[in-house]
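Listed here are the chains, written in short residue letters.
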Amino acid sequence: PEDLGAFIAGHPQIKIDLEEHLSTEVMRAVQEGAADLGICNTGVGAGELQTMPYRSDKLVLIVPQGHALAAQGPIAFEAALDYDQVGLHSNSSIYLAMRQAAAEVGRTIKLRIHVTGLDAMCRMIQNGLGVGVMPQRAFELMHGTGELAAVPLLDEWATRDIQLVARDFSTLPVTARLLVEHLTQPAEDAAPAKNKPAVRVAAKPAAATA
């Protein structure tokens, strides 16, 4: 939100259509031309799409405050397999990583319920339906969803590289190239560029994932 807010402040006449999808769907939308630009985890491979680094994403285990795991500090995901899980969509990159991690230690996930979004996950955990894995930054932005705690995960897969994806960055519309330039510059340099001329051409939908 901060990145997009700063971009719009510098380019108030550019319209961004932002849609949230699973990482695989984001890449499909870009490949098929339904979106100019994608922001997603490319752990499953980006195929013929071009990629550029955006930021790192740290996954954490969300539990109710007072839960047995809440006070243990950083843990391996294996420790969470004893508890019911609130999982994202079965095709989400996070759930696929969880399932693979469980399989590697000869365990299965005690899936209690699937949800389609992170806010729904927090509400289910708050109401005692299990524990769940989500990005730390997303949890911080939703800190008002209830009495929940974030437990850091020690697993290597819990640190993800989020990428920008496009069919060809060099042929993107001017508006989309401006957004890519903004998203890939260092944070300290990402202040709104109020002296730049406004671009009147609206970008096609940009796809992103949680």
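Scroll up for the structure.
I will try to describe carefully the structure that is included in this document.

Conventions we followed
Residues numbered from 1 in each chain as written. Predicted model: local features only at pLDDT ≥ 70, side-chain atom pairs only at ≥ 80, totals over all residues. Heavy atoms only, no water. Buried < 20%, exposed > 50% of the residue type's maximum accessible area, 1.4 Å probe, protein only. Helix = DSSP H or I, 4+ residues; strand = E, 2+ residues; numbered from the N terminus. Contact = heavy atoms within 4.5 Å. Salt bridge = Lys/Arg side-chain N within 4 Å of Asp/Glu carboxyl O. Phe/Tyr/Trp six-rings, centres within 6.5 Å; stacked < 30°, edge-to-face > 60°.

### Focus: helix H6 (residues 174-184)
Two residues of an α-helix separated by three or four positions point the same way, owing to the 3.6 residues in each turn.
Item 1. Those residues of H6 not exposed but buried are Thr-175, Ala-176, Leu-178, Leu-179, Val-180, His-182 and Leu-183.
Item 2. Contacts made by the buried residues of H6 are with helix H1 (2-10), strand E2 (37-41), strand E3 (50-64) and strand E8 (159-166).

### Some remarks on the pattern of salt bridges
Item 1. All told, the structure shown has eight salt bridges when counted by the stated rule.
Item 2. Across the salt bridge formed by Arg-55 and Asp-3, the nearest N and O atoms sit 2.6 Å from each other. Here Arg-55 is found in strand E3, whereas its partner Asp-3 is found in helix H1, with 52 residues between them in sequence.
Item 3. On the accessibility criterion, Arg-55 (41% relative accessible area) is partly exposed.
Item 4. Overall, the relative accessible area of 18% leaves Asp-3 in the buried class.

### Let's talk about the packing of aromatic side chains
Item 1. Within the structure shown, the criterion is met by one aromatic pair.
Item 2. Relative to Trp-157, the ring of Phe-77 has its centre 5.4 Å away and its plane inclined at 85 degrees; by these criteria the two rings are edge-to-face. Placement of Phe-77 in the loop between E3 and strand E4 (85-87) and of Trp-157 in the loop between strand E7 (148-152) and E8 is noted, with a sequence separation of 80 residues between them.
Item 3. Phe-77 gets classed as buried once you look at its relative accessible area, which sits at 1%.
Item 4. Taking relative accessible area as the criterion, Trp-157 reaches 21% and is therefore assigned partly exposed.

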